[in-house]
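Summary of structural features
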Amino acid sequence: MTVSTLSSIPQVEKILQQAFLSPYIERLSRPVVTDIVREQVQTYKKKHLSDPEGVPFSVEQLYHYIEQGCWVMNQQRLQRVVNGTGVIVHTNLGRSPLDAEIWQSVGEVNTHYNNLEIDLHTGKRGKRKGMLQQLMQHLVKGEDTLVVNNNASSIYLMLHELAKGKEVIVSRGEQIQIGGGFRIPDILALSGAKLVEVGTTNITTAKDYLDAVTENTAMVLIVHTSNFKIRGFTESADIKELARDLPDHVVLAVDQGSGTTTEDMPDEPTVASYIQAGADIVCFSGDKILGGPQAGLVTGKQPLIRQLEKNPMMRAFRPSRIVYSLLEEQVVRKLNQLESGRGVAESKRTIGEAELEQRACLLAEGFGDQLRVVNSELTVGGGSLPDQSDPSWSIEIVTDNGRSKRSAEKMLKIMRSWPLPVIGVIKHDRVQLNLATIEESEIPYLRSQLAEVLL
Ligand SMILES: *Cc1c(COP(=O)(O)O)cnc(C)c1O
């Protein structure tokens, strides 16, 4: 680089004053943008010096690289996206979106001091969980309930407190992995409990469990197989029979997983149904079917819940006031049967196929052959209702490049780069957007973005 080109690179402070960077400074912070500017200047300088002819220097080009660097960083920031996958509780897309009314109504308690750990009646130090115990008694029929940061913590806490150094009986059909590296056998080993496997992958009966009980057995753990389903000749143990015949020193624990509380999801036993069948404790996630914030809930017999709450790990697993306030609000509204309390899974599942078809037609209108309205399916996902899908409608995007995996992937990438990123799926080498998870209010936006690409 000659002296003259070197001196034509503006100083970092000068670059930061460029108008195109001010929205990025606002979104990414000044120090982060400064780093990006320095890095891009360095890289460009190096490239130019190693090949002055091939890489001529221009300030415009430098600014272009800086903007790209900021753009890539911006894509990393947590932000809203449009879910076009048809998977309602999508773990990669933040599981259950909270209801906007619920979010608003917990604003005050979270932006002011509050009674998180003070009993307003006595003035003494109170317990953290507010009135969740009473609310959950009605929702899931557990005498008492505790809350931790996620359901993985629930399982760990149950095993660590109740089964450390002892045996836990688990069916071979339920030795499952849930999402990124969370395996029941691993968490069992971590908690210090010993795994005793019974039954076979497809059949485990109550007798299998009962025969495996020894003096050193602390727990029978039933795990709801939430992200896969073995079809065909299967049998799982009858909880009632198990609860009746297990000796007193064995805790019957269920990892229900999804947090289903209403009966309208066939094949998905509710939390209450396990409690009523005689399970001692049941744990589940707060951000699946329940529709609340990320949390793990353990409900059941009060002495057991109290015992779990005294475990030293409870201090590490306890959630924040944000989670408690959201859960309380969610459950109050659920018990009052308000739409806002139903949770995203239930409200989206009941939109109705005709309505979804209508929305698909609305989205595709005026695009001719480029957007085709097609049949599809919606699933609840996120480790819930594994075997179940409901009819839905999607639009299929037909680009000029024809049908190929590569052009479909390119389209997905374009949609992810939109100001409000859109997540689609590839079916038969074409991109589809499923109306089951797209909000009605998002349709005009999708239409205008698609028009820019297609028309
Ligand atoms: C989802 C799920 C978990 C993990 O719950 P997190 O809240 O993600 O920690 C554990 N067990 C079952 C059966 C599940 O469905």
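Residues numbered from 1 in each chain as written. Predicted model: local features only at pLDDT ≥ 70, side-chain atom pairs only at ≥ 80, totals over all residues. Heavy atoms only, no water.

So the rule is basically this: UniProt positions are given in the numbering used here, feature names are shortened, and annotations may be inferred rather than shown by experiment.
As recorded in an unreviewed UniProt entry, the chain goes by the name L-seryl-tRNA(Sec) selenium transferase, listed as coming from Photobacterium proteolyticum. In its Pathway (unreviewed entry) section, the UniProt record describing the chain reads: "Aminoacyl-tRNA biosynthesis; selenocysteinyl-tRNA(Sec) biosynthesis; selenocysteinyl-tRNA(Sec) from L-seryl-tRNA(Sec) (bacterial route): step 1/1."

As for the overall build of the chain
Our working definition: Counting from the N terminus, the helices are DSSP H or I runs at least four residues long and the strands are E runs at least two residues long. Burial classes follow relative accessibility: with a 1.4 Å probe on protein chains only, a residue under 20% of its type's maximum area counts as buried, one over 50% as exposed, and anything between as partly exposed. The accessible surface values rely on the Shrake-Rupley method and a 1.4 Å probe; as for residues, cover is taken only from the protein chains in view. Charged residues are defined narrowly, with Lys and Arg counted positive, Asp and Glu counted negative, and His plus the chain ends left uncounted. The atoms used to mark charge sites are NZ of Lys, CZ of Arg, CG of Asp and CD of Glu.
Regarding its fold elements, the chain presents 20 helices and 15 strands. With the principal axes as the frame, the chain shows a C-alpha extent of 85 × 55 × 45 Å. Counting all 455 residues of the chain, 48% fall into the buried class. Per element, the accessible surface of the chain, about 22800 Å² overall, is 51% carbon and sulfur. The chain carries 49 positive and 56 negative side-chain charges, and their two centres are separated by 6 Å.

Quick word on the pairing of strand β15 (residues 430-434)
Applicable threshold: Strand pairing is assigned whenever DSSP detects at least two bridges linking the two strands.
Burial runs high along β15: five of the five residues are buried. A two-sided burial pattern is seen for β15, the buried positions comprising R430, Q432 and N434 on one face and V431 and L433 on the other. Where strand β12 (residues 390-397) meets β15, four bridges bridge the pair, whose relative direction is antiparallel. Across the sheet, I395 pairs through a bridge with L433, a residue of β15. Between the end of strand β14 (residues 425-427) and the start of β15, which pair antiparallel, lie two residues, with H428 showing a positive phi angle near 50 degrees.

Observations concerning the packing of aromatic side chains
Rule in force here: Centre distance within 6.5 Å is the pairing criterion for rings of Phe, Tyr and Trp, where only the six-membered ring of Trp is used; planes under 30 degrees apart are then read as stacked, over 60 as edge-to-face, and the remainder as tilted.
In the structure shown here, the tally under the stated rule is four aromatic pairs. Between F20 and Y63 the ring centres are 5.4 Å apart and the planes differ by 40 degrees, which places this aromatic pair in the tilted class. You can see F20 sitting in the loop between α2 (12-16) and α3 (22-28) and its partner Y63 sitting in helix α5 (residues 59-76), a full 43 residues away along the chain. Ring geometry for Y156 and F317: centres 5.8 Å apart, planes at 85 degrees, overall edge-to-face. Here the residue Y156 occupies a position in helix α9 (residues 151-163), and F317 occupies one in helix α15 (residues 313-317), the gap between them amounting to 161 residues. The pair Y156 / F317 is uniform in exposure class, with both members buried. Among the aromatic residues, ring-to-ring pairing joins Y44, F57 and Y65 into one connected group.

Describing the sheet that holds strand β11 (residues 371-378)
We count it as follows: An axis is simply a line fitted to the C-alpha atoms; with a helix, the fit covers only the stretch in contact. Between two such axes, the angle follows the N-to-C directions and lies from 0 to 180 degrees. When checking whether two residues touch, look at their non-hydrogen atoms; a contact exists if any pair is within 4.5 Å.
Read from one edge of the open sheet, four strands run β11-β12-β15-β14, paired in antiparallel fashion. Each edge of the sheet is formed by a strand with only one pairing partner; in this case those strands are β11 and β14. Neighbour-to-neighbour, the strand axes of the sheet open up by a mean angle of 45 degrees, direction not taken into account. Pairing of β11 with β12 involves eight bridges; the strand directions are antiparallel. Counted as the bridge partner of L371 is I397 from β12. Helix α19 (residues 405-416) contacts β12, β14 and β15 of the sheet and is inclined by roughly 45 degrees relative to β15.

Examining the UniProt feature "modified residue: N6-(pyridoxal phosphate)lysine" (unreviewed entry) in the chain
The UniProt record annotates "modified residue: N6-(pyridoxal phosphate)lysine" (unreviewed entry) at K288. The topology assignment puts K288 in the loop between β9 (281-285) and β10 (296-300). Taking the relative accessible area as the measure of exposure, K288 reaches 4% and is therefore buried.

Observations regarding the packing of helix α18 (residues 353-364) against helix α20 (residues 443-454)
The cut-off we apply is this: By definition, turning the near helix anticlockwise from the far helix through less than a right angle yields a left-handed crossing, and turning it clockwise yields a right-handed one. Residue polarity follows a fixed list, in which Ala, Val, Leu, Ile, Met, Phe, Trp, Tyr, Cys and Pro are nonpolar, Asp, Glu, Lys and Arg are charged, and the others, Gly among them, are polar.
Between α18 and α20, whose axes approach to 9 Å, the crossing angle comes to 35 degrees. α18 and α20 meet at a crossing whose hand is right-handed. Residues R359, L362, L363 and A364 of α18 form the contact with α20, whose participating residues are I443, L446, R447 and L450. Here the contact of α18 with α20 is composed, by residue class, of six nonpolar, no polar and two charged.

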